[in-house]
Each structure stands twice: as structure tokens, then as C-alpha cells.
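Per-entry structural report
Chain by chain, the residues:
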Amino acid sequence: MDGIVEESAVGYAKNAWYMAAWSSEVGKTLFARRLLDIPVVFFREEDGTLVALEDRCPHRFAPLHRGRLINGVVECAYHGLRFDTAGTCVHNPAGDTIPPQARVRAFPVCEKHHIAWIWMGKADLADPALIPDFSCIPDEPGECANIGNYLHVRANYLLEIDNLMDLSHVNYLHHGTLGNDSMRGHKVKVHEEGGAIHADLWMPGTTAPIYSPLYGQHCDQWTNMIWMAPSCMRLDYGVVSPGEPAIQQPEDVAVHILTPETGRTTHYFYGTCGVFGTEQRELAEMIRAAQTAAFVNEDNPMIEAVDENMGGADLWSLRPAILSSDVASVRVRRAIEKMIRREREATSDEVVGAEAVVA
Amino acid sequence: MDGIVEESAVGYAKNAWYMAAWSSEVGKTLFARRLLDIPVVFFREEDGTLVALEDRCPHRFAPLHRGRLINGVVECAYHGLRFDTAGTCVHNPAGDTIPPQARVRAFPVCEKHHIAWIWMGKADLADPALIPDFSCIPDEPGECANIGNYLHVRANYLLEIDNLMDLSHVNYLHHGTLGNDSMRGHKVKVHEEGGAIHADLWMPGTTAPIYSPLYGQHCDQWTNMIWMAPSCMRLDYGVVSPGEPAIQQPEDVAVHILTPETGRTTHYFYGTCGVFGTEQRELAEMIRAAQTAAFVNEDNPMIEAVDENMGGADLWSLRPAILSSDVASVRVRRAIEKMIRREREATSDEVVGAEAVVA
Amino acid sequence: MDGIVEESAVGYAKNAWYMAAWSSEVGKTLFARRLLDIPVVFFREEDGTLVALEDRCPHRFAPLHRGRLINGVVECAYHGLRFDTAGTCVHNPAGDTIPPQARVRAFPVCEKHHIAWIWMGKADLADPALIPDFSCIPDEPGECANIGNYLHVRANYLLEIDNLMDLSHVNYLHHGTLGNDSMRGHKVKVHEEGGAIHADLWMPGTTAPIYSPLYGQHCDQWTNMIWMAPSCMRLDYGVVSPGEPAIQQPEDVAVHILTPETGRTTHYFYGTCGVFGTEQRELAEMIRAAQTAAFVNEDNPMIEAVDENMGGADLWSLRPAILSSDVASVRVRRAIEKMIRREREATSDEVVGAEAVVA
């Protein structure tokens, strides 16, 4: 396995912005979520500033989210230690000197596009300019907006990326709902641009799928999926009458953002980018229901069955048969593996450096 | 542990026919069952021919049984690859050359005595002549026949074999149902014949058990259990008035066939060999109910408790106290261990041969 | 990890008396409980003498507690082997010589203070004089006594000891129930006396907690926790009007006794030492309910969350921040670790000795 593991996506890229939550999920009370195998507690300061701390008291390892928030300071429910937003212990109820170990990790966080982002690697590398571009989400998406959706998936996050980066599955797994026979056999075009990997599927002369106003009619359609490191995807799609110009409508954009919870479970955040006020409540609800039904009834059971069938093994160790339709998902996996490898090399360089100093 | 493992039944004998299912369980739709830790999907071709394929698409490891059957070809529900009855990929929806890895294992299968048999070892060794003899099951067992029963057991299959090959347990675990005090203390006679291991228990001058028409009367009775590799058993039994000739009636035969699902779970197939038409429905149902009650309420809880108490350890590593009543079960275990050891030696010979070629 | 493990409480001290059950839990029928990862079956002989045997038949590893008791002899439900109170096989239903392996461990047991004690280490070291002193439990505690309580906890027993030996948690985890603000910040005094570790908390000029008759009034109060090896605790507490002599009332004593079930689960026995006849039923029930509510609703969820957050890791390997309030729990952990280390050294001395003999 050794050689394989080196090449594989075992572990996580850590020096990257992961979606921790929708901004709306976190308020002024303690909110817990496990990310990349680490328990994290979130809250907002009085002025709304987001804070993320390791959710494990360094004293006796109680989850801090069971405690309470006192003026922006978290008090552990077990023995009363208090931590400020930097993770520093600011109150030792035992009254003695605060030991140096009495601190929790504070993670860099940043809010942008209604999303709370977290950086779980080296804090000094956490540059907000690196946050994946989700400006497709409107600043004012309306009271009935179809963003803010969440699913918990019992599968490794890379299997969910594989699913999204190869939309040829739509015509099988979602046959009759999102896909149909006419949409089969179109070749995906993959290109890389500024670190993002694009998988463009142009399907001229096909039948419009059920979610389109042109449903059942002859049409040209496209689904262009864009991956941004580490595990964020945006889908630009469209359906037009044959020969009409294929102009991307800003509301025909969906977001699919994944964050590993553990090696076998994933947080799946999704939504669409239309602006929906109260007068579009029905339409928005219909979109949300259709999307969720497809994910819950069709994608999730399959992805979880794949995870179970793989038994936790790395994809490459099972020597999959790779098709041309896999090109985008393979490139994404290789990109993530490269990130992980580089981080490890950087770490071992540091260790070597440190050893040299010791020697 | 090393020395012990070598002697023990860790792993499975693979070059052998295992019962996969009752013939009646498999129709023209996809039927999934895990056998010897391998997921398998079964179906019948139009002409009824049985097919068994590995239930894991070589592309992205989706369970094939979630797909559909199109003219004897299985289509994967995830991305649409199709496999014929030999496991060969015959359709790549991506349109490009089919990669050589795009094939699933097709397992030799054979139907005989209303049973679907599978060979999970080296396919070229799969000789139908080696199928265990269950000609005791009548060709036409009647509409109400008591064959075709199935139980799922949460225990290693060898513990179930131990149970069946030492019927002295009947007088304790099934006391008052299948056994009684008078049946205790009779010595089992064990002999081997053509690879089968026979455990004959002759109990003269005893009281007839509850399932006999002579119930409660003085009688001579016998239970002769026959093991056939790898994990198939047949029970010939009888009850006669004292001194009457002990003639085996063909309907007084039960079958007990086991197939490992995993190392800690077992498929248990059982039934009796009488011919029962609709006019014997009540009798047949009574037999089925009594048998199932004994297995479900008495054997299974004990066997599962033993498995739990052993915690997955090999029997020999726990140094059991062996009694004379264990002689048959120990011989069966040793026979299975020998099969496994020989398979391993054959494999390592091949490897050595291959290495010699390379050198 | 190696160095850490050596220093840590991995494993159990075995040469010690553990509480197996309240005397009232064991009658003349077979009673099963797993202790220190070993299944044990208990029963009483006709004269009431307590017996503890390994709950695993040496023949085929059936749990003996599924069997039956015949004149002080246990008959295995599977194949009928019988064991006397010394664990010796006294009946082999197969009729042949009883093999030497056909015996189960009989554990030294002793009843004292309404408690059934068990010794799971070397039997020849089992001196009843070493039984922890729970003479605080009255011989005649009354019909409505609040002893005999039991909780099953999904956490390592050391985490429960940590909880009990640092009562500063009362003012946070039990704030409003057992604790209040005035009780914070008092320094624990720790001393060792005859192998017992005392953690005395004297809280003058505080507000009486809810369980005291002086509830809400100004008072002096104390909670003195005493640990006795291996995992037994006694709590002496009291509340008096300010300046009154702090005289310990014999009824203001609670017992908290832990026994590991497995490495991640614990038997928790508790109660108070007042004498309650039928006329104090209401008071006794109130105390029992309040105590149980605090443990079930406040302590247990926290301790189980800590166990989960630690993921089975040894405390020291996680480098906890140690406060002055931890001094008693750390001393107890070190005392237990020392017991384990000494037992291991004694065992390896014996092994070395045996090797010398062989050589």
C-alpha cells in the first residue's frame, strides 16, 4: 500500500479554506461541527464577528460547546475555565497561574458570500484572497432564496466530488428526473484556469429536462461544473431553443460545497443562485424540493453504497477502470493529492530544518 | 498466534462449491448476497440460466444490483456501464475504448437439487461433479415442501458447524423440544467415507421425542449427521419401536447448509426432504414452525452468544476442553483447515514458480 | 506512545478488591456481569455463600449464565458440562475422562457492608483485610435506604474518578442543583493516609446548597472525598451555621464506587449512608431522585462526551493542562498506574524466574 498511499488523497489538504457553515447557521450561541476530524465550536461576538475554536477544553477535554458564552468568552461547562476568541485561557477557576497548555486552537475564519469559511492548516498562510469565488451567490438573494441547504452524507468527500465532476451520471442515476436519454454520450471538455478545473458538457439537439421551462422540447443545453480547491463546486447550466445563443443566466447557477467531517462522512452544502422574494416562494420551494429529492433519493444512497463497497480503501488501491468521462474527477483528485503531498513535504522540510538546528 | 493461525480455519476454503441461494430465491431480477466477504449479484438469463457476478462495478465501485437487467446484460445504475454474463464490459457510455480493467468477476455457478451453487476459488477447478450430494431433496417436493428455509446468523460459520456436528447439544439446548433425558450419554460413532464425515448416534431404548409419531413411547432412535465439504450437512434420523429394524425413511432427512457471509455472519439454509402436497400443508407448516422455533429461540441465541464470548478469536487459540462428543466437529474443522492450508501452499507454489520465471 | 503507556493507567490493577455488585443484586439464580473485560457469572449457594465463576464454558465458550443451577453446581446450557463452586468440572456428559482444561476460573469473592467484592488478580493474594472500608454504610440501613443505586456509564472509569476527585466541577456542572457561585474558588487540601487519598474542601462563609436544610442561608460547608484503591470513593459532607463546629454526621456520607466493565464502559454504584425506615420514604426518595438526576442529566453526558472527545486515548498522551484543582485526581491516577506497573514488574520477574528454571 505504501507507494499507493503516497499518491493518494489519504488525509486532507489543510492549507485551504473550507466551508464551515452557512453564515445563517451561526449566531450568538455556541454551535458545534466536526471538520476534518477536528471538533470545532463556533460563535459570534457581540459585533457579529465570527469565532472558531477547537471544541475540546485542554484541561479535561470537555466539549466547549456544552458551556456558555459570557461577553465573547467561552466558559467550559465542566470546571469553568474560560477562553477568549484567540483561544487563550483568561480565567482559571482554580486560582493559580494559568499553565501554558491551557489554550485551544483558534482557527482563522472569514465570512464571504453568506458562507463561513475556516482555515484549519497553518494560520499564517490563511489569506482571505484565497477564498473560493462564490460571488455567484447574490448579496441579497431574497427571503425565499434556495441557498442554505445542508445534507449529511455517510461517505468520503472525494466520492461526492467524483459524483459532481462527472455529470454523465445524471443520465443514469437521475434518469427521468434531472436526465434523459437524449443527454447521453456527449463528451465533456475539461480545462484548467487559474487553479480551477472546468468540466463543460455541451449537449446540442437534446430534449429539455424536467426542471426546464422548455421541458420535453427540443433544445440545446449545457452543464458546466467548476471545481475550486479544496472541495468547492459551482455549476453553470442552461437550456435554450435550438440554435439560440447559449448565454449563461446568472440565476442558472448552483453551488455544491463539500467539507469532510471525518474520513467516511461529509458535510454537503448546496443551493441555487436565483433571487427569490416572497412572491416566488412556490417556485423556490419547488426547486429546493426537486434538488433535495434527487440528492436524498438518488445520489446519497449510491454514494453511500459506493463508500461501503470500497470499505474505506483509497480509490487507486482498488485499481478502478478509468473512462474518458472521469477525466475531470481524476484531475481534481490529482490536484488535491498534490496539495496534500506538498503540505507533507513542507512539513518534513521543516522537521529536517529543525533537526539540523538541534544537531 | 502465528503457529495457531497456520493450523486454524482462519480464512475460507475457496476451491469448493458453496450454497449461494435456494434456486427459488433467484429470478430474472438482480439479487444481491455477500458470500465469503465478497458482494455477489445473481440473476437469470431469459432461458433461466443462472449468472453470478461480483456486485461491484470496476469503474466507481457501485453495487451492480442497484442497476437494471437489459436482455441478460447488467447496466450499472451510476454511470451506465454494461456487463454481460461473463463479466465483460460490453458498453462504455463514455464512448471510448473499453479499458481492460472494466470487467467484473463472473463466478462459476451450477444448479442442482433446487440449490444454486457458487465456486469462488479458481474457476478452472470448478467441477460440477464436486457439488455436494443433496439428491435427498426430492425433484418434486410438492407445493408445501419444507425446503427453502433461510436464517441469517451473527456468528462464524464454523460455530454453526460445531453445533450441528455434535448433536449431544440437543439434549440440553433443546431439552423438552427436540431432546429429552433418555437421549443423553449415547456415544457418537464417527467415520469418514469418500471425504464425507459421518457422526452416527444410535440411541436404543429411549423415549421418542416430541416430533415423532411415537412421542413419549419407548423406542429406538438415531440421528446420523453427514458433513460434506465445505460446510454442507445432511441429517438422517429415525424413530422405531424397540427392536424394529432401523430403516432410514427417505423423508426423515434434513439438510443444513451453511455459507459464510463474513467472518462473523453466516447464511444458514435448512429444510426437510419429505414430499408435501397441498393436502399436507398443516403438517408441513408444523414441521417448519417447530424447526425454525428451535433454531431461532434455542440454537441461534446460543451460537451468537458463543461468537460474542469468543470475540472473533480462533477456537484453538482459546484452548478449548475437547470431549469425546467433539470428535466429529474437530475432524470437520481439521478437514476445512487442511483445505485452506493446501490452497495456500498451492498459491505460494505458483508464486514461487512465477518468481523462478522472473529470475 | 511507548513511554507514555508505561506511565499510564492502560490496563487495570488486578490485585485488588473491586465491587462486583450490591449484595442485594445476587440471589440464588445466575447473575451475569462483565468486570475488567472478563465475563463473570454470580450466584449463591443454598447457605447464601456467594460464588463467582468465569462466565465462559471452557468447552465451547458458551456463557454459563444461560444455564441452570443444580444444588450449587452450574450446568452449561449448551452441552451439559457441570461446574462446582471452585470452577471444577464435576460432570462430563460425554462420559469420558474430564480433560484438565475443563475448568473455569473461580474468583475470590467476599461480602462486606452490603457489597459483593471480587478479586480478579492472583487468588493467593486475595486478603479480605484489604477490602476498602465502607463501614460507613449502616448494617441496618432501613427499608427505604438510599444505597443500592447503579448506573451504567459509557466512559473509562478513570474519567469518572477524575470527576469525583475534583469537586470543583460541582460549581459549574451542577450549578443551581448541587453547587452555587459562593462555593467557587476554595482550595482543595490533599493528603494521603494509609494508602487512601483525601481531597478536603472546606468552604466557610458560603451559601447552603439546595440539598441542605439550611438551603439559601449563610453557612460553613465541606465536601471531603476519600479515594481507596482501586476505584472506591467515600464522600463526607456537611453544612453548618457559620462558626458552628464542623462535626461530621454519619448520615452525611455518600459512597461512589466504580468498577470497569470494559476500557470504555463503567459500572457506577452509589448511595448515601443515612438510615431510612418506611416513615422516611419520601425523604429517601427525594435524595435518590436528586442524586440520580444530577448524575444522569449532568455528570454522565459530560463524562461520556469527554470519553468520546478523547477517543480512547490515554489522558497523558493528550498532554492535559493541569490545574491545582487536579491534584487529587492526578495523585489517584498515579497511584493506580503504580499498582499496574508493580503488577507487571512482578509478572515479568516471575517469567524471568520461570525462564531461569527452564534454562
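Calculation rules
- Residue numbers run consecutively from 1 along every chain, following the written order of its sequence.
- As a convention, the first chain written is A and the first ligand written is 1, with the rest following in written order.
- Per-residue local features of the predicted model are confined to residues with pLDDT of at least 70, and side-chain atom pairs are confined, for both listing and counting, to 80 or more; whole-chain, interface and lining totals are unaffected and use all residues.
- Domains are outlined according to an automatic or database domain assignment.
- Classification convention: Asp, Glu, Lys, Arg as charged; Ala, Val, Leu, Ile, Met, Phe, Trp, Tyr, Cys, Pro as nonpolar; all other residues, Gly among them, as polar.
- It is the C-beta atoms, placed from the backbone, that decide contacts: two residues are in contact if theirs lie within 7 Å.
- Numbering of helices and strands runs from the N terminus; a helix is a DSSP stretch of H or I covering at least four residues, while a strand is a stretch of E covering at least two.
- Copies overlap after least-squares fitting; the atoms used are the C-alpha atoms of residues with pLDDT of at least 70 in both.
- Simply put, an axis is a line fit to the C-alpha atoms, just over the touching stretch for a helix, and the angle between two N-to-C directions goes from 0 to 180 degrees.
- Oblique is the label for any angle not under 35 degrees, not over 145, and not in the 65 to 115 range, which are roughly parallel, roughly antiparallel and roughly perpendicular in turn.
- By definition, turning the near helix anticlockwise from the far helix through less than a right angle yields a left-handed crossing, and turning it clockwise yields a right-handed one.
- Following DSSP output, two strands are said to pair if at least two bridges run between them.

**Things to note about the domain arrangement of chain A**
All names here are of chain A. Structurally, chain A comprises domain 1 (21-130) and domain 2 (149-339). The straight-line distance from the C-alpha centre of domain 1 to that of domain 2 is 33 Å. In terms of residue class, the side of domain 1 that touches domain 2 is built from three nonpolar, no polar and two charged.

**Looking at the interface of chain A and chain B**
If you look at the interface, chain A gives 21 residues, while chain B gives 21 residues. Only helix H3 (170-173) and helix H4 (281-310) of chain A provide two or more residues apiece to the side of chain A that touches chain B. Of the residues contributing to the side of chain A that touches chain B, the split by class is eleven nonpolar, six polar and four charged.

**Regarding the relation of the copies chain C and chain A**
Overlaying chain C with chain A gives an RMSD of 0.1 Å, the required rotation being 120° about an axis along which the chain moves by 0.1 Å. The transformation just described matches what one would write down for a three-fold rotation axis.

**Description of the packing of helix H2 (residues 157-165) of chain C against helix H4 (residues 281-310) of chain C**
Residue and element names in this part refer to chain C. Look at H2 against H4: their axes get within 10 Å of each other, and the N-to-C directions meet at 130°. With respect to H4, the element H2 is oriented oblique. Crossing of H2 over H4 shows right-handed handedness. Side by side, H2 and H4 meet where Leu 159, Glu 160 and Asn 163 of the first sit next to Asp 299, Ile 303, Val 306 and Asp 307 of the second.

**Quick look at the sheet that holds strand S1 (residues 17-22) of chain A**
All names here are of chain A. Here we have three strands laid out as an open sheet, ordered S1-S10-S9, and antiparallel in their pairing. Every interior strand has two partners, whereas the edge strands, S1 and strand S9 (109-112), have only one. Put simply, the sheet's adjacent strands are angled 35° from each other on average, direction ignored. Bridging between S9 and strand S10 (residues 115-119) involves four bridges; their strand directions are antiparallel. The partner of Glu 111 across the bridge, within S10, is Ala 116.

**What to know about the interface of chain C and chain A**
With 21 residues of chain C in contact, the opposing surface of chain A contributes 21 residues. Residue assignment for the side of chain C that touches chain A shows that the elements contributing at least two residues are helix H3 (170-173) and H4 of chain C. Broken down by element, the side of chain C that touches chain A gets its largest block of residues, five residues, from H4(C). Residues belonging to the side of chain C that touches chain A are distributed by class as follows: eleven nonpolar, six polar and four charged.

**Observations regarding the sheet that holds strand S14 (residues 218-228) of chain A**
All names here are of chain A. Spatially, the seven strands line up as an open sheet ordered S11-S17-S16-S15-S14-S13-S12, and their pairing is antiparallel. The open sheet terminates on both sides in strands that have one partner only, identified here as strand S11 (149-153) and strand S12 (188-193). Between one strand axis and the next, the sheet turns through 20° on average, direction left out of account. Sheet topology places S14 next to strand S15 (residues 232-240); nine bridges connect them, and they run antiparallel. Paired with Met 228 across the strands is Cys 232, a residue of S15. Against the sheet, H4 engages S11 and strand S17 (265-272), with an angle of about 15° to S11.

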